[in-house]
Structure formats: C-alpha cells, structure tokens
Amino acid sequence: MTAPTSPLPSVLLVGCGQMGGAMLEGWMAHGLKPSVVLDRHDRTLPAPHHLAATLEDVPADFQPDVIILAVKPQKADPTLEALARRFPNATLLSVMAGRTVQSLTDRYQHGNPQAQPVIIRAMPNTPCAIGAGMSGLYAPPHATDTQKAQCDALLHAVGETVWVEREELIDSVTAISGSGPAYIFLLAELLEKAGVEQGLPVETARTLARKTIYGAGALLNQSPAEAEELRRRVTSPGGTTAEALKIFMAPDAWPAIVPRAVAAAARRAKELST
Ligand SMILES: NC(=O)c1ccc[n+]([C@@H]2O[C@H](COP(=O)([O-])OP(=O)(O)OC[C@H]3O[C@@H](n4cnc5c(N)ncnc54)[C@H](OP(=O)(O)O)[C@@H]3O)[C@@H](O)[C@H]2O)c1
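Just so it is clear, the model here is predicted, and its values are computed rather than measured. (Residues numbered from 1 in each chain as written. Predicted model: local features only at pLDDT ≥ 70, side-chain atom pairs only at ≥ 80, totals over all residues. Heavy atoms only, no water.)

Here the focus is the site of the ligand. Around the ligand lies a shell of 21 residues, among which Met-19, Arg-40, Val-71, Lys-75 and Ala-97 are the nearest. Lys-75 places a side-chain nitrogen or oxygen 2.6 Å from an oxygen atom of the ligand. Here Ala-97 contributes a backbone N or O atom positioned 2.9 Å from an oxygen atom of the ligand. Coverage of the ligand by the protein amounts to 80% of the 890 Å² it exposes when considered alone. (Near = heavy atom within 4 Å. Polar contact = N/O pair within 3.5 Å; in protein donor to acceptor, adjacent residues only side chain to side chain. Areas by Shrake-Rupley, 256 points an atom, 1.4 Å probe, with all protein chains shown as cover.)

The following block contains the structure:
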C-alpha cells in the first residue's frame, strides 16, 4: 500500500517476544516516534523509547498513535480490559492469531463499556526479523484511511504488506504466509537429510539446502517471470530435475498435498477464532 513514512507513528507495543521483538527492531531502524514497550521481561531500549513492566509504569502523558497487541491470544484479556480504561478510543493493531475484531472489541468494552476502539488485524511472519516479512492486514469498515496508513507503514517497515477485504481471509493469509516459513524450513530439513543420504557431509548438505532455498527465493523475488517459468528453465527434458519433478508432481504428491496442508492450516485458524 504505502511506503514507510518517516518517522513511523508512536506505538505502545504490548508484548515484545518473538513477533513483537522482530517488529520493534525493524521500526527502530526506520525511525520511530517516541514509543513505549510493555513487557514483563527486562530489555534495553534506546532513548527516547521507554520500557514499562506494567500499564501503570507507562508515562501518564503518553498517547500512542497505535497500540500493537503482540501477546499470546490466551494471555491478552486482562491487558485488553486495562488498556480500555486507559486508552478508550485507541487505534489497535492486533497481530494475534485467532482473535477476531469482534472478540477483541467485546473484551475491550468489557473493560470499559464507553470504549470505542478501532481494531485492525494483521498476520505477519517471522522473516519480519530481517526486514523480509510478509503481512496480510484487515481493517473493519469504520477504520479511517489514516489509521490504515499508520498500520500499513508499521508493517511495511519490516517487509511487504497486502490488505484483504474480508476478515475471514486473514485465516487464508495465516495458512500461506503466516505458517509458510515453517513449510520452507521443513523443505530445508528434508533436503539436508536427503543430501546426507546421498553421501554428503552434514555441513555440506546443510549449506547446499539452505543456500539453494535462499537463492531460489531471491530469484523469485527479483524475477518478473512466473514461478512455473522459472521451474521450466531448470528442467531440461529427460534431465535430472525432470526425474525429481516426476515424483514431486505426481497427482497424489505435491499438487494434492500442498492445497490439503494449506486448507488444514486455514481450518485450524478458523477453529481458533471461533
Ligand atoms: N511467532 C510467530 O511466528 C507469529 C507470527 C504471527 C503472529 N504471531 C502472534 O504474535 C503474538 C505473540 O507471539 P510471540 O510468539 O511473539 O509470543 P511471545 O514470544 O510469548 O511474546 C509475548 C511477550 O509478551 C509478554 N507478555 C505477555 N502478556 C503480558 C502482559 N500482560 N504484560 C507485559 N508483557 C506481557 C510475554 O511475557 P511472558 O513470557 O512472561 O508471558 C512475552 O515476552 C501471538 O498472538 C501470535 O499469534 C506470532
């Protein structure tokens, strides 16, 4: 959508673990307005940012542009209720899997019946840690363009963003790009093992597997050609790649397994949010 604005909006980052920490690193590299991180674990934050162990430690005059919800979904409720009392009309960006806008709004208003939050959802992935993330976002109809642009800028600072029109499509985003890095890591594991079975030393097999995935990913990212065309360019008729692809592309192999696995992930995402 938009390129990152500089500086990025001020945030109250609630939860600075795997995902929150990855995003925070990217934001600080892009210049973030003075912000507060709310996390129980000690960490060093450069000035002008501030660490708070509890909501009571957040400076009284601090009004974040966006509150980021990056705690485990099952741990979020008491914090949501407390946030609602302190920031009743906040813009919230939730990266929590399986919590719908409605369930988050209900919990917020349980904490403060007068609260009118605007809650935008995003599903980022762990490559955000190296600025190569992929996030899908959804905003309810009453979110303003400014609120959407602020959330987009934050996630754009750690990778690419796409917006989906309907909230249930966040489950599809989860199944492709949210969980997707794990599928690729599995391929790396299996290629490495297969290399060892072919007689290569473990370190050599590991380097070959990792760098091949990295190089193929970088080529996919840069090339305007379709993935199918890039695949054809490596596949000479009757050659070695063709032999392997006959097995991968058998009707009951990847063409069946990949959509089935993605559908299972999407189904689980849906179950978790209901
Ligand atoms: N990891 C991923 O690949 C990924 C991808 C997309 C989305 N997400 C979403 O991101 C969210 C966070 O996941 P994560 O893997 O980053 O979790 P995490 O590593 O456990 O990070 C959460 C952090 O927040 C802290 N925390 C929790 N409740 C708090 C509270 N009330 N006050 C202060 N600090 C609090 C936790 O401390 P304690 O350890 O003491 O609880 C922890 O340091 C989840 O909702 C997940 O669905 C994760």
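Having seen it, we continue.
Where helix H6 (residues 180-197) meets helix H7 (residues 202-222), the closest approach of the two axes is 8 Å, and the angle between their N-to-C directions is 145°. The element H6 and its partner H7 pack so that their crossing is right-handed. Contact residues: Ile-184, Leu-187, Ala-188, Leu-191, Glu-192, Gly-195 and Val-196 in H6; Val-202, Ala-205, Arg-206, Ala-209 and Ile-213 in H7. Class assignment of the residues belonging to the contact of H6 with H7 gives a composition of 9 nonpolar, 1 polar and 2 charged. (Axes fitted to C-alpha atoms, helices over the stretch in contact; angles between N-to-C directions. Helix = DSSP H or I, 4+ residues; strand = E, 2+ residues; numbered from the N terminus. Left-handed = near helix turned anticlockwise from the far one by under 90°. Contact = heavy atoms within 4.5 Å. Nonpolar A, V, L, I, M, F, W, Y, C, P; charged D, E, K, R; others polar.)

With that out of the way, let us pick up the domain arrangement of the protein. Here the protein is described as being made up of domain 1 (11-170) and domain 2 (180-272). Computed over C-alpha atoms, the centres of domain 1 and domain 2 are 33 Å apart. Counting residues at the interface gives 5 residues for domain 1 and 4 residues for domain 2. Summing the contributions of domain 1 and of domain 2, the shared interface buries around 260 Å²; its carbon and sulfur component is 63%. Inspection of the region where domain 1 meets domain 2 yields 0 residue pairs in polar contact (both at pLDDT 80 or more). Residues belonging to the side of domain 1 that touches domain 2 are distributed by class as follows: 1 nonpolar, 3 polar and 1 charged. (Domains from an automatic or database assignment. Buried area = accessible area lost by both parts, 1.4 Å probe.)

In the numbering adopted here, UniProt assigns the feature "domain: Pyrroline-5-carboxylate reductase dimerisation" (unreviewed entry) to residues 167-272. Its end C-alpha atoms 14 Å apart, residues 167-272 is made of 80% helix and 0% strand. (UniProt positions renumbered as here; feature names shortened; annotations may be inferred.)

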